[in-house]
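Listed here are the chains, written in short residue letters.
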Number of protein chains: 2
Amino acid sequence: MKTSLKQNLAINFQPISQCVRVSFNYDVHFTRGLFKLDNSLLAQAIAADGHSAAKPVVAVIDGGLLQYQDKLLEKLLAYAQRYQDVFTLSSEPIIVPGGETVKNDSRFIEQIHQSINLGGLCRHSYVLAIGGGAVLDMAGYAATTAHRGIRLLRVPTTVLAQNDSGVGVKNGINAFGKKNFLGTFMPPYAVLNDFDFLTTLDDRDWRSGIAEAVKVALIKDRNFFDFIQTYAEKLANRDMDIMERLIYRCSQLHLEHIAGSGDPFEMGSSRPLDFGHWAAHKLEHLTNYSLRHGEAVAIGIALDSTYSYLTGQLLRSHWQQILTTLKILGFALYLPTLTEQLDRPDHPHCLFRGLTEFREHLGGELTITLLQGIGQGIEVHKVDLSLYRQAILMLQDWELSSVLSN
Amino acid sequence: MKTSLKQNLAINFQPISQCVRVSFNYDVHFTRGLFKLDNSLLAQAIAADGHSAAKPVVAVIDGGLLQYQDKLLEKLLAYAQRYQDVFTLSSEPIIVPGGETVKNDSRFIEQIHQSINLGGLCRHSYVLAIGGGAVLDMAGYAATTAHRGIRLLRVPTTVLAQNDSGVGVKNGINAFGKKNFLGTFMPPYAVLNDFDFLTTLDDRDWRSGIAEAVKVALIKDRNFFDFIQTYAEKLANRDMDIMERLIYRCSQLHLEHIAGSGDPFEMGSSRPLDFGHWAAHKLEHLTNYSLRHGEAVAIGIALDSTYSYLTGQLLRSHWQQILTTLKILGFALYLPTLTEQLDRPDHPHCLFRGLTEFREHLGGELTITLLQGIGQGIEVHKVDLSLYRQAILMLQDWELSSVLSN
Ligand SMILES: NC(=O)c1ccc[n+]([C@@H]2O[C@H](COP(=O)([O-])OP(=O)(O)OC[C@H]3O[C@@H](n4cnc5c(N)ncnc54)[C@H](O)[C@@H]3O)[C@@H](O)[C@H]2O)c1
Ligand SMILES: NC(=O)c1ccc[n+]([C@@H]2O[C@H](COP(=O)([O-])OP(=O)(O)OC[C@H]3O[C@@H](n4cnc5c(N)ncnc54)[C@H](O)[C@@H]3O)[C@@H](O)[C@H]2O)c1
Ligand SMILES: [Zn+2]
Ligand SMILES: [Zn+2]
């Protein structure tokens, strides 16, 4: 009786509710001279899994970075030589163009996949990506799709990549003219921030990443905003000590948000870290990426702060502190693209079309973050376009008057 | 004083240890007549997120299935019409070849991405994939990389897809001649198993999926093996009632394993659900995919069970029960490919090369599962090739004698 019951299986065909829980752990390191032979940080990060055999590594390097740091390749090869018990470069490092170009052509992904294949890399091997946010995004997409995910070591070399894009969980490239149309949510295996890289950034790239720090300060941390405000001029003058502290705190705030938000893979519609970004993404696109991401974000922050002030949520004094700080940092807060086709919100050249595109990329209901105060974001699902038009005109005036007063 | 301390930020540049936790919830449903107008299951799965607007859906359909079920397209369109308040097909359904072909050409991925782009789909829209495991794997890879992940509804239409591949967290396609070289770990949004689809499967595809049930029973659930053994002949004779129970229990065991293993995205080297699979993957490849996946798995199970017996871990009586059950189910347990280049384990045509390739795909140390008893798997990291050679010869003998006795 018992056996026959067992053998018949008591099955009711009810739906099976599955819950899959996954934890990803990774460390974000801060260092100088990452590839100096006596700096064992990178080798340690690779050796940390306890397996003794030397692991194959495919290195991907930002060609724009190499132009400024022409000894880097040599240094990497010498470093690999020194730590050959820990890892070996399975092929010549792959050098790719820096900047958005590398995200606009899927051939770079294929090139990395090819190298992973030829090197016989497995899921416990490494892709070592060295460069700006664009190269890291692209290499991350390649790494996280080969064998359903090879370990990704990110070495961010710009301010923005060190304090924001390189420490998070997103990878991707552009397709069909849409920013980040293809990509994955997948955390890196480790992040190695080397401040020394920042010395060769041009002024625009140095400044650009600061916008993300202003962003996260405004929505989360009033003290951090005070810090940026206090040292805005020093930052504009490339004070490295202040920059290092800014990067550390900014990456920390981003990391805390990702870990604590309850939605690290953005399955819902809420994305507070994208404060100022609906306009920024559209502006980058409308200007054919002649604006840096951070430059566009600065304008987006200025715009959404002004709108927050106009809707009565943000104090006038706070609003002015924000715009003044952005100006001292050296950001332009207005450009003519903002006013194109303003009365035709569906026109592809109208900034407001960015609201629809933002919603489309995120999914679900429109959700944008505004400010209730410095250090305090708030989400809204509807906007008043006429107030936004007014905000744009105010930025235009502000820019004009600050040019005149110079 | 206080402000200046704040403004200076107390920073020590210690590494930041990040832990990202993600939970994925999805239901696996069992039904009949999924696209009958009065079956609201699919519409409910889409409406479940509570958003009221009709959601755009890109449907991807297995062309091999359509050959047998030529009313399917019509039914789907009528169903979409009936539930237009809940969802709309954003384009003509995309019909792709069934079987491994669809995983060997990346153009199908591009076609789906294109359709997602044209339809303006967002992360809260749906890809509805209907078909065998190959089509689901491919469509899943496309869906989980667009916008970093569009919701994936899987409608598996083969035994194997309903009881194994379609309920899990893996997506992928082949590249560089390597199985699943590209892919993602990403759970579906929901799975809808409709038993009615199974009626048109040819005998080989009907049988093939049963191998995965034998596999999971052998490593996890002795009662389930008893069930399969008891009803092996009925299963071979296409008894639908028994098949439904087999599928339910098998998918349940797979789901439990994925949720409970502690490593659903396979970051470690342990993969008990791949019992019998190191040989299976190699055989599929060596036979140019003329073997079905499940047919290859049946041989892999026979081989690893025999090896488990030869190493003294598995009782002779258990070993015989396993082989006999597989035979009654109709599986061949030997083919000449098994003995090619047997003395040259590194030769690309040698079965044993599959051990290296298996390790490479998984990463880390070699880890394969053997049997300590029926319902009881055990992991090992080293194998004795001479015993494996003996096991292969025993399968050859066994096959010969069972042919003779027929
Ligand atoms: N994944 C994310 O979460 C995330 C977040 C924000 C932004 N992003 C992406 O990051 C990208 C922008 O990244 P970015 O701001 O780092 O710019 P970038 O990667 O476009 O690099 C800017 C330029 O600096 C060069 N460069 C890099 N390091 C250098 C160095 N040390 N010295 C001199 N030149 C150097 C590059 O070659 C490039 O020409 C965008 O594609 C954006 O979409 C991603
Ligand atoms: N993702 C995973 O976890 C996982 C696990 C195991 C296997 N797989 C993959 O699954 C694939 C095998 O899947 P499969 O066994 O379902 O075979 P399949 O997808 O290759 O389909 C076999 C054949 O049946 C046809 N077909 C599909 N449904 C039909 C129906 N109802 N009636 C008649 N014909 C129908 C198909 O067109 C095809 O020609 C392999 O690519 C394998 O790698 C994936
Ligand atoms: Zn940004
Ligand atoms: Zn399988």
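So, how was this worked out
- Residue positions are given per chain, counted from 1 along the sequence in the order it is written.
- A letter from A marks each chain and a number from 1 marks each ligand, given out in the order of writing.
- In keeping with the model being predicted, local features are shown solely for residues with a pLDDT of at least 70 and side-chain atom pairs are shown and tallied solely at 80 or more, while totals for entire chains, interfaces and linings include all residues.
- Hydrogen atoms and water are omitted, and side-chain values are computed over all heavy atoms in the structure.
- UniProt positions are given in the numbering used here, feature names are shortened, and annotations may be inferred rather than shown by experiment.
- Only nitrogen, oxygen and sulfur atoms qualify as donors, and only when within 2.8 Å of the metal (3.2 Å in the case of Na, K and Ca); with water excluded, sites may look incomplete.
- The secondary structure listing takes helices from DSSP runs of H or I that are at least 4 residues long and strands from runs of E that are at least 2 residues long, numbered from the N terminus.
- Each residue is assigned to one of three classes by its accessible area relative to the maximum for its type, calculated with a 1.4 Å probe on protein chains only: buried under 20%, partly exposed between the two thresholds, exposed over 50%.
- Copies are brought into register by a least-squares superposition over C-alpha atoms of residues with pLDDT of at least 70 in both.
- The contact criterion used is simple: two residues touch if any of their non-hydrogen atoms lie within 4.5 Å.
- When a carboxyl oxygen of Asp or Glu is within 4 Å of a side-chain nitrogen of Lys or Arg, the pair counts as a salt bridge.
- Here a polar contact means two N or O atoms within 3.5 Å. Within protein one must be a hydrogen donor candidate and the other an acceptor candidate, and residues neighboring in sequence count only if both atoms are side-chain atoms.
- When residues are sorted by character, Ala, Val, Leu, Ile, Met, Phe, Trp, Tyr, Cys and Pro go into the nonpolar class, Asp, Glu, Lys and Arg into the charged class, and all the rest, Gly among them, into the polar class.
- An automatic or database domain assignment is the source of the domain bounds shown.
- Buried area is calculated as the accessible area (1.4 Å probe) missing from two parts once they are joined, with the contributions of both summed.
- Being near a molecule or strand, for a residue, means having at least one of its heavy atoms within 4 Å of it.
- Throughout, the Shrake-Rupley method with a 1.4 Å probe supplies accessible areas, and for residues the shown protein chains are the sole cover considered.

- The name given to chain A in an unreviewed UniProt entry is 3-dehydroquinate synthase, with the source organism recorded as Dendronalium phyllosphericum CENA369.
- Here is the UniProt Cofactor (unreviewed entry) comment for chain A, exactly as written: "NAD(+)".

1. Notes on the coordination of the zinc ion (ligand 3)
Residue and element names in this part refer to chain A.
Okay, so step 1: Looking at the zinc ion (ligand 3), the protein donor atoms are Glu212 (OE), His277 (NE2) and His293 (NE2), and they sit 2.0 to 2.2 Å from it.
Okay, so step 2: Summarised as a motif, the one-chain spacing of the donors to the zinc ion (ligand 3) is E-x64-H-x15-H. With Glu212 in helix 9 (residues 210-220) and His293 in helix 14 (residues 293-310), this residue pair connects regions lying 81 residues apart in the sequence.
Okay, so step 3: With a relative accessible area of 0%, Glu212 lands in the buried category.

2. Observations regarding the relation of the copies chain A and chain B
The relation between the two copies of this chain is a rotation about an axis and a shift parallel to it.
Okay, so step 1: Between chain A and chain B, the superposition needs a rotation of 180° and an axial shift of 0.0 Å, giving an RMSD of 0.0 Å. Both chain copies can therefore be described as sitting about a two-fold axis. When each C-alpha of chain A is compared by its distance to the rotation axis, Val22 of chain A comes out closest, at 2.7 Å.
Okay, so step 2: Looking at the interface residues of chain A, 100% of them are also at the interface in chain B, so both copies use one shared face.

3. Some details on the interface of chain A and chain B
Okay, so step 1: On the chain B side, the residues contacting the 82 residues of chain A number 82 residues.
Okay, so step 2: On the surface where chain A and chain B come into contact, there are two salt bridges.
Okay, so step 3: The salt bridge partner of Glu266 of chain B is Arg123 of chain A, with a shortest N-O separation of 3.0 Å.
Okay, so step 4: Summed over the shared surface of chain A and chain B, the result is 27 residue pairs in polar contact (both at pLDDT 80 or more).
Okay, so step 5: The greatest single-element share of the side of chain A that touches chain B, amounting to 15 residues, is contributed by strand 1 (residues 16-31) of chain A.
Okay, so step 6: Considering only residue class, the side of chain A that touches chain B consists of 35 nonpolar, 31 polar and 16 charged.

4. Concerning the domain arrangement of chain A
All names here are of chain A.
Okay, so step 1: Looking at chain A, the domain boundaries give domain 1 (27-200) and domain 2 (203-256 + 268-405).
Okay, so step 2: Counting from both sides, the interface comprises 18 residues of domain 1 and, opposite them, 27 residues of domain 2.
Okay, so step 3: Regarding the contact of domain 1 and domain 2, the summed buried area is about 1,900 Å², with carbon and sulfur atoms giving 64% of it.
Okay, so step 4: The largest share of the area that domain 1 buries against domain 2 comes from Val159, Asn163 and Lys179, three residues that together contribute 29% of it.
Okay, so step 5: Counting across the interface, domain 1 meets domain 2 through three salt bridges.
Okay, so step 6: Of the charged contacts in the structure, one is a salt bridge between Lys215 and Asp164, with a shortest N-O distance of 3.6 Å.
Okay, so step 7: Taken together, the links from domain 1 to domain 2 amount to five residue pairs in polar contact (both at pLDDT 80 or more).
Okay, so step 8: Where the side of domain 1 that touches domain 2 is concerned, the elements lending two or more residues are strand 1, helix 7 (159-163) and strand 8 (178-185).
Okay, so step 9: Of the residues contributing to the side of domain 1 that touches domain 2, the split by class is seven nonpolar, five polar and six charged.

5. Some details on the site of ligand 1
All names here are of chain A.
Okay, so step 1: Taken together, 24 residues form the shell around ligand 1, and within it Asp62, Gly133, Thr157, Thr158 and Lys179 come nearest.
Okay, so step 2: In the model, a nitrogen atom of ligand 1 is placed 2.9 Å from a nitrogen or oxygen of the Asp137 side chain.
Okay, so step 3: Take Thr157: an N or O atom from its side chain is 2.7 Å from a nitrogen atom of ligand 1.
Okay, so step 4: Coverage of ligand 1 by the protein chains reaches 89% of its 860 Å² of free accessible surface.
Okay, so step 5: Of all the secondary structure elements, the ones that give two or more residues to the shell around ligand 1 are helix 3 (63-68) and helix 6 (133-145).

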